[in-house]
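Spelled out, the chains give:
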Amino acid sequence: QVQLVESGGGLVQPGGSLRLSCVASGSIFSIDAMGWYRQAPGKEREMVATMTNGGYTNYADSVKGRFTISRDNAKNTVYLQMNSLKPEDTAVYYCNAEASLRYSGYDDYWGQGTQVTVSS
């Protein structure tokens, strides 16, 4: 019922920047929190950054000062600006949203992911 589509991933050199986007669509009544998670090869998925509907943010310690999450609620879109990228940032980045469908409660929805590779 809710679809999340990520874009903006790619190959970048260490120290470079990328901007990820995620658009939510479908029979959405409302969205509370949105965020970004990542999973590196052989590793568990981890939270990168989240933002509530009211604008409160949370970041993983490893990305503080380098990544910035933002939202455009009118477009049901969340962004992740990634600066000073490091090889250890290499992962598949997944968009997450807590959304409701009118008379249902809030559920977690996930995108298919976008690959970010940081390498020389």
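Residue numbers restart at each chain and count upward from 1, following the sequence in its written direction. Side-chain atom pairs in this predicted model are given and counted only at pLDDT of 80 or more, local residue features only at pLDDT of at least 70, and totals for whole chains, interfaces and linings cover all residues. Side-chain metrics rest on all non-hydrogen atoms present in the structure, leaving aside hydrogens and water.

Asker: Even after reading the chapter, I still don't get the overall build of the protein chain, so can you show me in this structure?
Answerer: A helix here means a DSSP run of H or I that spans at least four residues, while a strand means a run of E at least two residues long, and both kinds are numbered starting from the N terminus. Scanning the protein chain from N- to C-terminus turns up 0 helices and 11 strands. The order of α-helices and β-strands along the protein chain, N terminus first, is β-β-β-β-β-β-β-β-β-β-β. Counting only residues that meet the buried cut, the protein chain has 42% of its 120 residues in that class. When contacts within the protein chain are restricted to residue pairs at least 6 apart in sequence, those whose partners lie at least 24 apart make up 55%. Using a 1.4 Å probe, the Shrake-Rupley method yields the accessible areas, and only the shown protein chains count as cover for residues. Only carbon and sulfur atoms are counted for the fraction: they give 46% of the accessible area of the protein chain, which is about 6,500 Å². Classification of residues uses two cut-offs on accessible area relative to the type maximum, computed with a 1.4 Å probe and protein chains only: under 20% is buried, over 50% is exposed, and between them is partly exposed. Pairs of residues are marked as contacts when any of their non-hydrogen atoms sit within 4.5 Å.

Asker: What's the story with the state of the cysteines in this structure? I'm lost.
Answerer: Where two cysteines share a covalent bond between their sulfur atoms, that bond is called a disulfide. The disulfide criterion used throughout: a pair of cysteine sulfur atoms within 2.5 Å. If you walk through the whole model with that rule in mind, you get 1 disulfide. Between the sulfur of Cys 22 and that of Cys 95 lies a disulfide, 2.1 Å long from S to S. Judged by the torsion about the S-S bond (-85°), the Cys 22/Cys 95 disulfide is left-handed. With a gap of 73 residues between them, Cys 22 in strand S3 (residues 18-26) and Cys 95 in strand S9 (residues 91-100) connect regions that are remote in the sequence. Just as Cys 22 is buried, Cys 95 falls in that class too.

Asker: What is the right way to look at the environment of Asp 89 in this model?
Answerer: Within the fold, Asp 89 resides in the loop between strand S8 (77-82) and S9. Overall, Asp 89 belongs to the buried group, its relative accessible area being 1%. Along the backbone, Asp 89 and Arg 38 are 51 residues apart, and their C-alpha atoms lie at a distance of 8.7 Å. Filtering out sequence-adjacent residues up to four positions away, Asp 89 remains in contact with Arg 38, Arg 66, Phe 67, Ser 84, Val 116 and Val 118.

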